[in-house]
Amino acid sequence: MSLNLFDHPICLETPLRRVPSTWIQHTPFAMFLIDILRPQLFVELGTFQGVSYCAFCQAVAKLQLNTHCFGIDTWEGDPHTGFYGQDILSDLRGHHALRYGSFSNLIQSTFDEAQSNFEDGTIDLLHIDGYHTYDAAKHDFENWLVKVSDRGVVLVHDIHVHERDFGVWKFWQEIKTQYPTFEVAYGCGLGMIAVGKDIPPGIRPLLDSSEEELKKIREAFEILGKRAEHNVDAIYPLQNQLKSLEHIVLQEQAHNEALQAHLDRVSLFESGIEQSMGFWLLKKYHGAIERFLPKQTRQRKFYDTSRHLIIQTLKPMRNLMTESPPVTPSLEMKENSNTKLPQTEQPTRHFTKSPLISVIIPVFNTPIQFLEAAIQSVKNQTYSNWELCICDDGSSKYETVEYLKQILDASNAKIRVSFSKTNEGISQATNEAVKLASGEYVAFLDHDDELTPNALEEVADVLVQNPQLDIVYSDQDKIDAGNNFSEPFFKPDWSPEFFRHVMYVGHLLVVRRPLVQQLGGFDSHYSGIQDYEFMLRASETTSHIFHIPKILYHWRKIPGSVAMGIDEKGDGITKLQTEAVNEHLKRTGIQAIAEPHPRHPHRVAIKPNSIESNSLISIILPIQGNSLAVGRCIDSILSLSTYENYEIVIVKEGLIKIELPVLANDHIRMVSADEKCNLSQKLNLGVSRTSGEIIVILNSDVKVTASNWLQTLSFYLNAPDVGAVGPLLLYPDGRVYHAGVVLGLRGAANPVLQGYSYEHDGYAGSLSSPREVSAVPADCMMFRKQDYQSLGGFNEYFVDGYYDLDFCLRLRKQGKRILYIPDVPLVKNKVENNNLDAALFTDRWNEWIEAGDPYYNRNFSLTRKDYELE
Amino acid sequence: MHILFVTYNHLDTNSGIHIFNVANHLVNKGVHVTVCVPYGKEKSSAVGQPRFETIDFSDIQYERWSNILETNGSVDLIHAWTPREVVRRTVVKLAEQLGCPYIVHMEDNEERLVEANTGRTIAELENLDEQQLDQLIGLGMSYPKQYREFIQHGRGVTALMDKLLEFKPKDMPGLVFWPGYEEDFDWGSSMNPGLRYQLGIGDVECVLVYTGNVHATNAHEVSSLYLAVALLNQRGIPVKLIRTGNDFVPLENSSFTITKKYFINLGFVPRSWMPQIVALADVLVQPGKADAFNEYRFPSKLPEYFASGKPVLLPPTNIGRFLVDGQECILLHEGDALEITLQLEQLLPNKALQQKIGARGQEFAHKNLQWEPSVEKLYHFYEQILLNDA
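For clarity, every value in this text was computed on a predicted model and none was experimentally measured. (Residues numbered from 1 in each chain as written. Chains lettered and ligands numbered in written order. Predicted model: local features only at pLDDT ≥ 70, side-chain atom pairs only at ≥ 80, totals over all residues. Heavy atoms only, no water.)

A.B. asks: Honestly, the overall build of chain B in this entry has me stumped. Any pointers?
C.D. replies: Counting its regular elements, chain B contains 16 helices and 13 strands. For 390 residues, the compact-globule formula gives about 21 Å, and the C-alpha radius of gyration of chain B, at 22 Å, lands near that figure. Dimensions of chain B, computed from C-alpha atoms along their principal axes, come out at roughly 65 × 45 × 35 Å. Per-residue burial for chain B yields a buried fraction of 60% across its 390 residues. Sequence-distant contacts, at least 24 apart, represent 70% of the contacts inside chain B between residues at least 6 apart. Counting only carbon and sulfur atoms, one obtains 47% of the accessible surface of chain B, whose full area is about 14400 Å². (Helix = DSSP H or I, 4+ residues; strand = E, 2+ residues; numbered from the N terminus. Rg over C-alpha atoms; globule rule 2.2 N^0.38 Å. Buried < 20%, exposed > 50% of the residue type's maximum accessible area, 1.4 Å probe, protein only. Contact = heavy atoms within 4.5 Å. Areas by Shrake-Rupley, 256 points an atom, 1.4 Å probe, with all protein chains shown as cover.)

A.B. asks: Looking at this structure, how should I read the pattern of salt bridges?
C.D. replies: One side chain can pair with another of opposite charge once the charged atoms of both are near each other. All names here are of chain B. Taken as a whole, this structure holds 56 salt bridges over all chains when the rule is applied. Salt-bridge contacts for Lys163 lead to Glu166; the nearest nitrogen and oxygen are separated by 3.2 Å. Since its relative accessible area comes to 47%, Glu166 is described here as partly exposed. (Salt bridge = Lys/Arg side-chain N within 4 Å of Asp/Glu carboxyl O.)

A.B. asks: Explanation requested: the environment of Asp158 of chain A in the structure shown.
C.D. replies: Residue and element names in this part refer to chain A. Residue placement: Asp158 occurs in the loop between strand 7 (148-157) and helix 6 (168-175). Here Asp158 falls in the buried class, since its relative accessible area comes to 7%. Remark: the alpha-carbon pair of Asp158 and Trp23, spanning 135 residues in sequence, is separated by 9.2 Å. Contact partners of Asp158, with chain neighbours within four places excluded, come to Asp129, His132, Phe166, Val168, Trp169, Cys188 and Gly189. One polar contact links Asp158 to His132, side chain to side chain, over a distance of 2.6 Å. (Polar contact = N/O pair within 3.5 Å; in protein donor to acceptor, adjacent residues only side chain to side chain.)

A.B. asks: What should I look at first to understand the packing of helix 25 (residues 835-844) of chain A against helix 10 (residues 219-234) of chain B in this one?
C.D. replies: If you want to describe how two helices pack, look at the angle between their axes and the distance between the axes. Between helix 25 of chain A and helix 10 of chain B, the least distance of the axes is 10 Å, while the angle of their chain directions is 140°. As summarised for this structure, helix 25 of chain A and helix 10 of chain B are arranged oblique, according to the angle between their axes. The element helix 25 of chain A and its partner helix 10 of chain B pack so that their crossing is left-handed. Every residue of helix 10 of chain B that contacts helix 25 of chain A at Leu836, Ala839, Leu840 and Asp843 of chain A is listed here: His220, Ser224, Leu227, Ala230, Leu231 and Gln234 of chain B. Grouping the constituent residues of the contact of helix 25 of chain A with helix 10 of chain B by class yields 6 nonpolar, 3 polar and 1 charged. (Axes fitted to C-alpha atoms, helices over the stretch in contact; angles between N-to-C directions. Parallel < 35°, antiparallel > 145°, perpendicular 65-115°, else oblique. Left-handed = near helix turned anticlockwise from the far one by under 90°. Nonpolar A, V, L, I, M, F, W, Y, C, P; charged D, E, K, R; others polar.)

A.B. asks: Can you walk me through the sheet that holds strand 11 (residues 283-285) of chain B in this structure?
C.D. replies: Sheet strands line up and pair through hydrogen bonds in the backbone, either parallel or antiparallel. Residues and elements named next belong to chain B. The strand order 10-9-8-11-12-13 describes an open sheet built from 6 strands, whose pairing is parallel. Among the strands making up the open sheet, the edge pair consists of strand 10 (263-265) and strand 13 (330-331). Across 3 bridges, strand 9 (residues 239-244) lies against strand 10 in parallel orientation. Counted as the bridge partner of Arg243 is Asn265 from strand 10. (Pairing = 2+ DSSP bridges.)

A.B. asks: For this particular structure, what's the right way to read the sheet that holds strand 1 (residues 41-45) of chain A?
C.D. replies: Residues and elements named next belong to chain A. Spatial strand order, 5-2-1-6-7-9-8: 7 strands in an open sheet with mixed pairing. At either end of the open sheet lies a strand with only one pairing partner, and these are strand 5 (104-108) and strand 8 (181-184). Across the sheet, the mean angle separating the axes of adjacent strands is 15° when strand polarity is ignored. The pairing of strand 2 (residues 68-73) with strand 5 spans 5 bridges and is parallel. Bridge pairing in strand 5 links Phe70 to Asn105.

A.B. asks: Which parts of the structure should I look at to understand unusual backbone geometry?
C.D. replies: Generally, phi is negative for residues other than glycine and the peptide bonds are trans, each holding for most cases. Of the consecutive residues His507 of chain A and Leu508 of chain A, the connecting peptide bond is found in the cis state with omega at -15°. Along the chain, the position of Leu508 of chain A falls in the loop between helix 16 (496-501) and strand 17 (509-512).

A.B. asks: Explanation requested: the state of the cysteines in the structure shown.
C.D. replies: Simply put, the disulfide is a covalent bond whose two ends are the sulfur atoms of two cysteines. Residues and elements named next belong to chain B. Tallied over the full model, the rule gives 0 disulfides over all chains. Here Cys329 is not disulfide-linked; the sulfur of Cys206 is the nearest cysteine sulfur, at 20 Å. For Cys329, a relative accessible area of 0% corresponds to the buried category. (Disulfide = S-S within 2.5 Å.)

A.B. asks: Sorry if this is basic, but what is going on with the packing of aromatic side chains here?
C.D. replies: Any two aromatic rings considered together are summarised by their centre-to-centre distance and by the angle between their planes. Overall, the coordinates contain 48 aromatic pairs over all chains when judged by the stated rule. Pairing Phe444 of chain A with Phe522 of chain A gives two aromatic rings, centres 4.9 Å apart and planes at 35°, and the pair type is tilted. One end of the pair, Phe444 of chain A, is in strand 13 (residues 441-444); the other, Phe522 of chain A, is in the loop between helix 17 (513-518) and helix 18 (530-539), and 78 residues separate them in sequence. The pair Phe444 of chain A / Phe522 of chain A is uniform in exposure class, with both members buried. Look at Tyr102 of chain B and Phe150 of chain B: their rings are 4.7 Å apart centre to centre, the planes differ by 15°, and that puts the pair in the stacked class. One end of the pair, Tyr102 of chain B, is in strand 5 (residues 102-106); the other, Phe150 of chain B, is in helix 8 (residues 144-152), with 48 residues separating them in the sequence. An identical accessibility class is assigned to Tyr102 of chain B and Phe150 of chain B; each is buried. Of the aromatic side chains, those joined through ring pairs into one cluster are Tyr473, Trp494, Phe498, Phe499, Tyr504 and Tyr532 of chain A. Its end group placed over the ring of Tyr134 of chain A, Lys170 of chain A keeps NZ or CZ at 4.6 Å from the ring centre. (Phe/Tyr/Trp six-rings, centres within 6.5 Å; stacked < 30°, edge-to-face > 60°. Lys NZ or Arg CZ within 6 Å of the ring centre and 35° of its normal.)

A.B. asks: Please clarify how the environment of Leu128 of chain B should be interpreted in this entry.
C.D. replies: As for its position among the elements, Leu128 of chain B is in the loop between helix 6 (122-126) and helix 7 (130-136). Between the alpha carbons of Leu128 of chain B and Tyr143 of chain B there is a distance of 9.7 Å; along the sequence they are 15 residues apart.

A.B. asks: Help me out: how do you make sense of helix 1 (residues 27-37) of chain A in this one?
C.D. replies: Think of an α-helix as turning once every 3.6 residues; residues three or four places apart then point the same way. Residues and elements named next belong to chain A. Extensive coverage of helix 1 is indicated by the burial of 11 of its 11 residues. Inspection of helix 1 places Thr27, Pro28, Phe29, Ala30, Met31, Phe32, Leu33, Ile34, Asp35, Ile36 and Leu37 among the buried residues, and these make up the whole buried set. Positive phi appears at Arg38, one or two residues downstream of helix 1, with a value of about 45°.

A.B. asks: I'm lost on the packing of helix 1 of chain A against helix 2 (residues 51-62) of chain A in this one. Help?
C.D. replies: Residues and elements named next belong to chain A. Helix 2 packs onto helix 1 with a crossing angle of 40° between their chain directions and a minimal axis gap of 8 Å. It follows from the interaxial angle that helix 1 and helix 2 lie oblique. By crossing handedness, the relation of helix 1 to helix 2 is classed as right-handed. In this structure, helix 1 uses Thr27, Ala30, Met31 and Ile34 to contact helix 2, whose residues at the interface are Val51, Ala55, Phe56, Gln58, Ala59 and Val60.

A.B. asks: How should the side chain of Asp701 of chain A be read in this particular structure?
C.D. replies: Residue and element names in this part refer to chain A. The residue Asp701 is located in the loop between strand 24 (694-698) and strand 25 (702-704) in this model. Classification of Asp701 by relative accessible area gives buried; the value is 16%. There is a polar contact of 3.4 Å between the side chain of Asp701 and the side chain of Lys828.

Here it is in structure tokens:
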């Protein structure tokens, strides 16, 4: 008795339901059985993702049979499949409804409960693939046997699985002695039992053939099964995502190849060069990737990430990547970073208007090789509308003066040099050089530093596009005596509060010339930090200050310069800096005193003058979690706060009673929120019950640790253009929990420097000094009620999180700044956010996230949290 | 009159369906029509019953082409369906060989598409030679300089949206015609409860339907719709979203993976299934906002959405500019998930409002989104072009 599979071409159908499953290898056999049995009624127990069930249905539809099909499952899972949600059934229904819905039904039920829906002796084909213990398999078989027709056939899956408590194999060993059977071992094993008294003739070859013939039949089905399986990959989730990208690439590639081929065939165009097929395909594939997934696009990043992940997944011995907060973090601007420096672009733009930029160099006894290099870097500019204004500050070195005279003698109209008879210092020399300038803008270049070739072009491009700008600054790095580059310094966009504390602007600095003149140039008293002191004064008259996030300046690192190390000029620099800031505070009427930072050189700590408790501050405390934490939080406020005029509004859930001794206090009021209220709704309710004009929202798991926390936060909020302030938040062990939010960091937004010691300086003072950030968290945030009301409060579509970041970004959209304040750290325990809130946040602020966080330089990696480059 | 359409893809695509309907209606008016596709001429029958000849590029040099010319007469006018490079090269050659004029059809902001797909600006691309453009862009899109010259040397421009006529020279004849819904399908059919049951949609659940592929230019918009569905469910309004089409790029946010149970993905489905899928919807949403891509296009699914009598949410751009907000449709101004959620929170519980807006939208479709009057306008445009050329 022989079996010719070519008589059943249905076996060659590619299964339409493609999800990873060992059953996929049995789909040709399933389709074959449908063809040969032509059942009136087919039932499957244990449909799960529907790989087997849909294969049976696909055959029924293709062969246009009158078979009724039923797939039965709870779709809740079991210990063998794992437990899962409704999404498996939803996905199956989406595939199934329109294809097979006219003859098939999915029944969500236990097998036993579903049994009563079927008459005895009616099922022609029953597939059992439920819970795989011995008892369950035996129970299902015996329970449903009565429903099977006289010509009925039963299929049992997983008959060759011996792991864990799988017991179908044992049941199979028993049953095969009682009925005629056929089995295959691949795909975890599938057994067929002819249980009816009228065995369908079509399956006789499977039951009665010689062992040799059966072996051939099994091999044939196995080959077909492997072919079917080929369409589903073992690492399905990642592969599927990658495939979706490759699909479009290959589809577009195929489309274009077809277009080209057809054009060639009508002899419209010349034919291409013949090459080996493998090389050709590879070249085309990579070409297509480059073409359809251009670098720097989101799709390309996803493709690269997916590809990388798959490669990693396929390396079994690869160490798992783990993430833990660094124990000894190092955020110094690192040495030897030549290879990691981002490539500086060398664009050549065409300017319709080209402002004249005067490059200012004060010179004093400069080693010729450095002076020559500095001047040459100006001559090498890709932007042509510049002039060079040099003032020699009474150099005593013959070679320096001679060199400058030679330059002057070369009568290059673009270069002007003046010579001072005496050494007046760098500030005065700079001012003298500015007197030579006629440009609309002046660019300051120190005598031994260098500009990158595109520096002035980048600046001019920005100035042309933004004619209102008064000041432009760029990123910088260092250059040593051997012309090696290192220590790139990537700065935030203009951050006036940060600048009050940290001299971060540095080089390259370009200023509108009339502004320099108006301010009287550099002040000799501050030589050493003259450019910083100048910027403080300049920032008091203009806010049109722009940052170019590109390295346009190489700062010479030689012994004796600050570039060599922050201690090179002793603590004199910090003293001058403090003095400059104090003068600035006086001029601007800010009631505070600057002092050198207690831990970090070249940083200033600003102490507010004593603030009287005039304004009522309302602290909103939404209660979540245990009452013990709430008690600790309130206790810390009451016992530590030296600011007296405050109230605490506790927002509790519904009728829950909170009985804590600490609550018996005049400062405290209690508000009940509906139990269904989410966190943002609770906060809005709380704010509506406050009397103060200054609001602080505080998470109940936060503990106050500084007595002057309210005074300090109020001080920073006092600036009219500040919308919200938030303190440094620490874990109980002193590591950083929150030091300001970076947009786009690891997804929608995340806190930076998490896990670092609170004593760390951060990246150029970013942890130790107050600074502008995109957002601060609701764990502790102070703002004005007036601003809150103008925004309509917190967005209540956010449930547990991101409403705070959304609030901050809306403040920023109104032109307000958000400040991170490390001076008064609070301690808190970490909580997780709702993922949907993150998605909503990303959706709302997508364009801002894409544009990059202005206070986190675009050159930093967004996959790390510590100012590292990619 | 013998019109030859030359297009960049086979007809079982959004663009191809437009050609299919235009061609069939032209044939009804006694026009001889030949449609030339690069490949896949057999796919015309997947769209419906073609009453015109479809050939592919390779047929042009063979007997079949001679037979067509013999039967239909020489070609009077070539209608280049988009200025994309493969069309441009073919049309330029054919126009010369056949000695006939051509006009160009615009359906998208070609420049924006090229920029989005290459990550380069038009100014940058303009400096590249043709060989470099072949490598970078490919023949399925427009080349910046070449497509403008191609339009300039044509006799006229047709466009799906008025703003697309900005790309033609001022003194060149232009025609805007809107696509229609396919009258052969019953777009206003009532919901099939059996199908709803099969899809596992509960009695109290509302249904949104989105039919269309996800690609680089609309992935964010579709993500917003997914997120809105998740938010509605989170806020206690049970909603299911039924999707058709392929995802050529992954959806951006994680809402899909978090809340898969709210989504039913039917994948790519035959065209004939579409009416009963649309009929499942309580509300139809075309997510997005006014931008350089959306302003210049006419989303293909909108005629059938409006013809279905269901209320439609869409951005205030392209066809949205011609609809009355709150009466014929609901316009989305931000187009983000939150706005979709807010609008649906108002609309879904209000069956009367749904019915009213759906009915007014359907009236709009019956009045403005039918192929026959559009093709009538096109026919007269052809006549004008040929008259000018005589």
